[in-house]
Amino acid sequence: MEAAQQAQDTSKKAGAGEVKKQKKPEQQISLKPKYDPFFAKAAEIVGAGYAKIAEDSVNTVEKRILELLDHRALPEEGWDEITIQVLLQKIALMDSNNYQGNTGVGEREGRIFSPLVREKHFGLGHGIGRSGDVNALQPKAIGSSLIVKLTKSLFLNALTKHMGYPSIKQALVLPFATGMSLTITLLTLASLHTPKSTDMYVILPRIDQKTCLKSIYTANLKPIIIQPVLEGDELRTDVEMIQKTIVEQQGKVVCVMSTTSCFAPRAYESVVDIAALCKKYDVPHVINNAYGLQCTRIASDISTAIQKGRVDALISSTDKNFMVPVGGSIIYSPAKLGGLVEQINQFYPGRASMGPIMDLFVTFMQMGSGTLRELLKQRKENYEYLRAQLVNALEPFGERVLATQKNNKISIACTLTRLNEVVFKPNGIEPTFFGSYLFSRRVSGVRVVASTDKKAKINDQIFSNYGSHSEAYPHLPYFTAAASIGQTRQEIDLFIIKLKEAFTHFYKSNGGKELLQEKLVVSVLEQECTEESKAQ
C-alpha cells in the first residue's frame, strides 16, 4: 500500500512538472498599429516602426483634445499652436457649410467669399445661437455651438478656480463690448420690473465714463447720479445717499449700477455695502466690472458682496482682462438656472457673431491656467513697482502720487500742480497737452484731467470737471497711469524715463528758471547721469 501511494505521489509530481514545462508561448509585441486604419495603411508604405512613432505623437494630441471635452477646464499648461489648429479644424468640419458634398438652399448657408476671411475664422461662418435664443444649439453649426459651450465652461473654470470668484454659476459670452452688454442687462431688468412706470431709474454712483450713462439712456431709463465723498485723496461711494435715494424712489428703481474698475482717484465702489442695501430693499444690483477680473482685491470684495448681499449680474470686458481684440464681453452671475443671465439670454434678439468667442477660446487654450495665474501675480507686483517708480520720479519735480492705493489697485493718479502753476498757466497751455506730448513720444494710456469752467452735457445730465468723477476735486490737474494685465517691467521702466524727459523738457524750454534755481531739474539730470554711469 505504501509503495502504491508513493508511486501515485511520484506520478502527480511528474504531471505537475509536465504542466510547468508547458508554458504558453510569449506574445510577440507587434509594431504594427492596431487601432487607427490610417496608420495601419501608412505602415504598409513607410514601415510599421515609423508609423507607430507617428501614431503615438498624434494620439498625444487626440488625448489632450479628449481631456478638454471631458473636463471642460483650462489646461494647466497652454497648448501649442498646432494642437489648437488640429482641434479647430476638427470642429470646423462639424459645421454644415464644411460638409463634403453639402448642398445649401437656405437664405444663410455660412458661405464666405474671401479666402482670407475664411482662413481667419477657420471656415466657421454660421455664428452662434438661433433667432430666439443666442445660446441655443444650431443644427447647421454644431462645431460653432461646441466652441460656445466650451468657452463658457473655460471662463467659469478660470473665474472660480483661478481668479477668486468661487460663487459664480452662470455666464454668457457675447460678441459686443461692455457698454452694449450693460444695455441689454438693463433692458432685461426693465422688462421684468414691476410695477411699470413712465419714470424708471438706475441709481449710478458717479463714474465719468460715458458708456455707463449711455447704456442707461439707450435702455430708455433715467439715471440718478450719486456724487462721491472725498476721503483723503480718494473719491469714495456715498452709501448713505444711495440708501436715501432707494427709499425716496421706492418702486421706481430698476437697479443700482456699481462700478469697480475705474480711473484713480476714484476708488472701487463699496460693493459690499451696496449689495447689503439691495438685499434689504429688494432692488437688483448690477456690477460694471469692466477690467476688474485681473485684480484680486476686487475679486475679494465682490465675493463678499455676493455672500452678504445681493448681486444679480456682473459685466466684464474680454479684451481688458484676457488680452484679445476688442469686441467681446461676458455677463455672469452667482444665480443658478432661472437667474438674470438666463433671462438676458432669452431676451437677446437673433444670432450673434462667432469672432470674439473664438478669440477668447483660442486664448484660453494657448494661455492655460498656469500662465493665467502668473499673469495675475505679475500684474499685482507691477502695480507696486509702478507706484514706487512714480513716487521716486515725481518728487524732484515737486509733484506727488495721490494716496489712492488702498482702494484702487489698478490705476494710479499723480499731481501736475506745480508744472501747471510754473509752466502751463503762465504760457496759456492747457494741462492736457502734457498727455498729448507723451503720446507723441509713443507713450499711450496716460490720461490727463484738468479743471475747466466748461460744463459737460450728456443727454440731460450736466457735469462740472467731467473726467474727474467729482464736481470739485481739489487736486486738479493730475494724470493717471495703470498697471494692467500683460504689462512688462520694461514698459514701466521706459515710461518712467520718458516721463522724466517730459517734465525736464517743459521746465527747460519755458518757465524753468525758478525750478533751476531750486536745483530741482539739476538734481534730476544728475540722477540720470549717475544711472547712466552705473549702467556703463
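Scoring rules and cut-offs
- Residues numbered from 1 in each chain as written.
- Predicted model: local features only at pLDDT ≥ 70, side-chain atom pairs only at ≥ 80, totals over all residues.
- Heavy atoms only, no water.
- Helix = DSSP H or I, 4+ residues; strand = E, 2+ residues; numbered from the N terminus.
- Contact = heavy atoms within 4.5 Å.
- Patch = residues over 30% accessible without salt bridge, like charges linked within 9 Å, V, L, I, M, F, W, Y side chains within 5 Å.
- Areas by Shrake-Rupley, 256 points an atom, 1.4 Å probe, with all protein chains shown as cover.
- Salt bridge = Lys/Arg side-chain N within 4 Å of Asp/Glu carboxyl O.
- Pairing = 2+ DSSP bridges.
- Axes fitted to C-alpha atoms, helices over the stretch in contact; angles between N-to-C directions.
- Expected span 1.5 Å × (residues − 1).
- Buried < 20%, exposed > 50% of the residue type's maximum accessible area, 1.4 Å probe, protein only.
- Phe/Tyr/Trp six-rings, centres within 6.5 Å; stacked < 30°, edge-to-face > 60°.
- Lys NZ or Arg CZ within 6 Å of the ring centre and 35° of its normal.
- UniProt positions renumbered as here; feature names shortened; annotations may be inferred.
- Core = buried A, V, L, I, M, F, W, Y, C linked by side-chain atoms within 4.5 Å.
- Parallel < 35°, antiparallel > 145°, perpendicular 65-115°, else oblique.
- Left-handed = near helix turned anticlockwise from the far one by under 90°.

Focus on the overall build of the protein chain
On a plain count of helices and strands, the protein chain comes out with 19 helices and 14 strands. Counted over contacts in the protein chain with a minimum sequence separation of 6, partners at least 24 positions apart contribute 71%.

Points about a nonpolar patch on the surface
A contiguous nonpolar patch, built from I45, V46, Y50 and I53 and spanning about 510 Å² of accessible area, is present on the exposed surface. If you list the elements that add at least two residues to the nonpolar patch, you get α2 (37-46) and α3 (48-71). In this structure, V46 sits in helix α2.

Considerations on the sheet that holds strand β14 (residues 478-482)
Read across the sheet, 3 strands follow the order β10-β14-β11 without closing on themselves; strand pairing throughout is antiparallel. Two strands close off the open sheet at either side, each with one partner strand: β10 (411-415) and β11 (447-449). Strand-to-strand, the axes of this sheet are offset by a mean angle of 25°, without reference to chain direction. Pairing geometry for β11 and β14, over 3 bridges, is antiparallel.

Concerning helix α4 (residues 81-92)
The α-helix winds at 3.6 residues per turn, so residues separated by three or four positions along the chain end up facing the same way. Taking 1.5 Å as the rise per residue, α4 with 12 residues should run 16 Å; its terminal C-alpha atoms sit 16 Å apart, in good agreement. Burial in α4 covers these residues: T83, I84, L87, L88, I91 and A92. Where the residues of α4 are buried, they touch α3, α6 (142-162) and α14 (355-394).

Observations concerning the pattern of salt bridges
Here the structure, examined in full by the defined rule, presents 16 salt bridges. Where K222 meets D199, a salt bridge forms, and the shortest distance between an N and an O atom there is 2.6 Å. Of this pair, K222 sits in strand β3 (residues 222-226) while D199 sits in the loop between α7 (178-192) and β2 (201-205), and the two are 23 residues apart along the sequence. Here K222 falls in the partly exposed class, since its relative accessible area comes to 36%. Given the relative accessible area of 23%, D199 is considered partly exposed. Here K377 makes a salt bridge to E381, at a shortest N to O gap of 3.0 Å. Here E381 and K377 lie together in helix α14, a separation of 4 residues that amounts to about one turn. Among the residues examined, E381 registers a relative accessible area of 34% and is labelled partly exposed. Each of the salt bridges in this network shares a partner with another, and the network as a whole consists of R206, D208 and E471.

A word on the packing of aromatic side chains
The relative placement of two aromatic rings is captured by the distance of their centres and the angle of their planes. Enumeration over the complete set of coordinates arrives at 16 aromatic pairs. Seen from their ring centres, F322 and F364 are 5.1 Å apart, and the 70° between their planes marks the pair as edge-to-face. Placement of F322 in helix α12 (residues 318-322) and of F364 in helix α14 is noted, with a sequence separation of 42 residues between them. According to the relative accessible area criterion, F322 is buried, its value standing at 0%. Above the plane of the ring of Y385 lies R489, whose end atom (NZ or CZ) is 4.1 Å from the centre.

Describing the sheet that holds strand β9 (residues 329-333)
Sheet strands pair by backbone hydrogen bonding; their relative direction is either parallel or antiparallel. Taken in spatial order, the 7 strands line up as β1-β9-β8-β7-β6-β2-β3 in an open sheet, and their pairing is mixed. Looking at strand neighbours, the two that pair on one side only are β1 (170-174) and β3, the edges of this open sheet. On average, each strand axis in the sheet is tilted by 20° relative to the strand beside it, whichever way the strands run. As paired strands, strand β6 (residues 253-259) and strand β7 (residues 285-288) are joined by 4 bridges and run parallel to one another. Bridge pairing in β7 links M257 to V286. Along the sheet face, helix α10 (residues 271-281) touches β6 and β7 and points at about 160° away from the line of β7.

Details of the UniProt feature "binding site: pyridoxal 5'-phosphate" (unreviewed entry) in the protein chain
In this structure's numbering, the residues bearing the UniProt feature "binding site: pyridoxal 5'-phosphate" (unreviewed entry) are R108. Looking at where R108 falls in the secondary structure, it is placed in the loop between α4 and α5 (115-120). Beyond its immediate chain neighbours, meaning those up to four positions away, R108 contacts H126, Q138, K140 and R351.

A few points about the nonpolar core
Membership of the largest hydrophobic core comes to 91 residues, with the highest contact counts inside it found for I147, F155, M163, Y165, L221, Y332 and F361. Examining the composition of this core, we find that 10 residues originate from one element, α14, more than from any other. Excluding anything up to four places from it in sequence, F155 contacts A171, L293, F322, I330, Y332 and F364. Judged by nonpolar contacts, the second largest core, of 31 residues, contains L390, V423, A481 and L499.

Quick word on the packing of α14 against helix α17 (residues 489-509)
Put simply, α14 and α17 touch, their axes get as near as 10 Å, and they point 20° apart. With respect to α17, the axis of α14 lies roughly parallel. In the crossing of α14 with α17, the sense of the turn from one axis to the other is right-handed. On α17, the residues that touch E381, N382, Y385, L386, Q389, L390, A393 and L394 of α14 are R489, I492, D493, F495, I496, L499, K500 and F503.

Points about the UniProt feature "binding site: substrate" (unreviewed entry) in the protein chain
UniProt tags R130, S131, Q138 and R351 as "binding site: substrate" (unreviewed entry). The greatest C-alpha distance among the annotated residues, which extend across 222 residues, is 9.9 Å, indicating that they converge on a single site. As for its placement among the helices and strands, R130 is situated in the loop between α5 and α6. Those residues in contact with R130, other than ones at most four positions away along the chain, are A136, L137, Q138, P139, G350 and R351. What makes R351 partly exposed here is its relative accessible area of 34%. Excluding residues that lie within four positions of it along the chain, R351 makes contacts with R108, H126, I128, G129, R130, S131 and Q138.

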